[in-house]
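# Breakdown of the fold
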Amino acid sequence: MEKQSNIRREIEGIDEKIKGTKLKVKDLIVPIIVAIILIFVAIFVFIPMLRNAIDLRAELTEIKRKQEQMLSLREAVNGIDEGVMLADLTDAKSVIPKTLKVSNFLYYIDELAYEKNLSSEVISVGDVNVTSPRGEDSASKGDSKYKGVNGPLAYSGKLQDVLSFLDSFYTSSPYIVSPENITLESRGDNRWEVELNLTGYYILEEENVIVNLYKPFKAYTDYSDVVGIFREKALRLAGDTDL
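The structure contained in this document is the topic of the report that follows. (Residues numbered from 1 in each chain as written. Predicted model: local features only at pLDDT ≥ 70, side-chain atom pairs only at ≥ 80, totals over all residues. Heavy atoms only, no water.)

### Concerning helix 6 (residues 159–167)
Taken as a whole, helix 6 has its buried residues at Asp161, Val162 and Phe165. The arc that holds the buried residues of helix 6, viewed along the axis, is 100°, so those residues lie on one side. (Buried < 20%, exposed > 50% of the residue type's maximum accessible area, 1.4 Å probe, protein only. Helix = DSSP H or I, 4+ residues; strand = E, 2+ residues; numbered from the N terminus. Arc of directions from axis to C-beta.)

### A short note on the side chain of Lys116
Among the structural elements, Lys116 can be located in the loop between helix 4 (102–115) and strand 1 (119–123). With no salt bridge to any partner, buried Lys116 finds its closest opposite charge in Glu115, at an N-O distance of 5.7 Å. Looking at Lys116, its side chain comes within polar contact range of the side chain of Ser164, at 2.9 Å. Not counting chain neighbours up to four residues away, the residues in contact with Lys116 comprise Asp161, Ser164, Phe165 and Ser168. (Lys, Arg positive; Asp, Glu negative; His and termini not counted. Salt bridge = Lys/Arg side-chain N within 4 Å of Asp/Glu carboxyl O. Polar contact = N/O pair within 3.5 Å; in protein donor to acceptor, adjacent residues only side chain to side chain. Contact = heavy atoms within 4.5 Å.)

### A look at the pairing of strand 4 (residues 177–188)
Summarising the sheet, strand 4 and strand 5 (residues 191–203) pair through 9 bridges and their orientation is antiparallel. Following the sheet pairing, Ser186 is matched in strand 5 by Trp192. In textbook terms, the turn of a hairpin is the stretch between consecutive antiparallel strands, and for strand 4 and strand 5 this stretch comprises 2 residues, one of which, Asp189, has a positive phi near 55°. (Pairing = 2+ DSSP bridges.)

### Comments concerning helix 3 (residues 82–95)
Note: α-helices contain 3.6 residues per turn, so residues at a spacing of three or four share the same orientation. Here helix 3 is 14 residues long and its end C-alpha atoms lie 20 Å apart, about the 20 Å a rise of 1.5 Å per residue gives. By the burial criterion, the buried members of helix 3 are Asp88, Asp91 and Val95. The arc that holds every buried residue of helix 3, seen down its axis, measures 60°, which confines them to one face. Turned more than 90 degrees away from the buried face of helix 3, the exposed residues are Glu82, Thr90 and Lys93. (Expected span 1.5 Å × (residues − 1).)

### Let's talk about unusual backbone geometry
Phi angles above zero are rare outside glycine, and Asn117 is one such case at about 60°. Inspection of the secondary structure assignment puts Asn117 in the loop between helix 4 and strand 1. Phi at Asp189 takes a positive value of approximately 55°, unusual for a residue other than glycine. Structurally, Asp189 can be placed in the loop between strand 4 and strand 5. Given a relative accessible area of 75%, Asp189 falls into the exposed group.

Dropping the structure here:
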């Protein structure tokens, strides 16, 4: 009997221990609170810090790229002789001026026609907007800095004189010009008439020029043929001024 009583007491002790190991709601409160705090810390602290670190890394990479680009730009610009650059800039400004008077523009073309023994038939020019180099139609915007003096011209004379006039067209004018819609018709008795639409270009000077230093750089000296044309035309202008 005593042995059975001891066994029963041992069983009851084991039951009490098992009951003592069961989780209660109050035992879960602290872990739940800690878990919630950790979640909030992760959302509002760790994740923003991680994103900020990623952004800073990307910004640092971009700064290094721009720094390398600026160093390359400085090296390229320093490689251009300053005296030559100023001279070329002066030539370009004279050949493509800020304003272009109709009278000045017509003078060189009409002088060439006179030298080729041609008589004028039609002369009518005026200011126009010009399509920008990027292909945007500045006429639709009305505020483009690219302008031109444009109008139809017509001259008549002997065929060889007309052809000589067309052949010397680009080199005669000290300004940058662009002829379009050239037509040549016979008027009989060895006389021919040439008609064309002519544009002389000028660029309005901007007051507040914004330069993007991070755009791809290409030195103007790479276009030696264009620079040479500008220099020749500037010399022609200077010679006419001396006269």
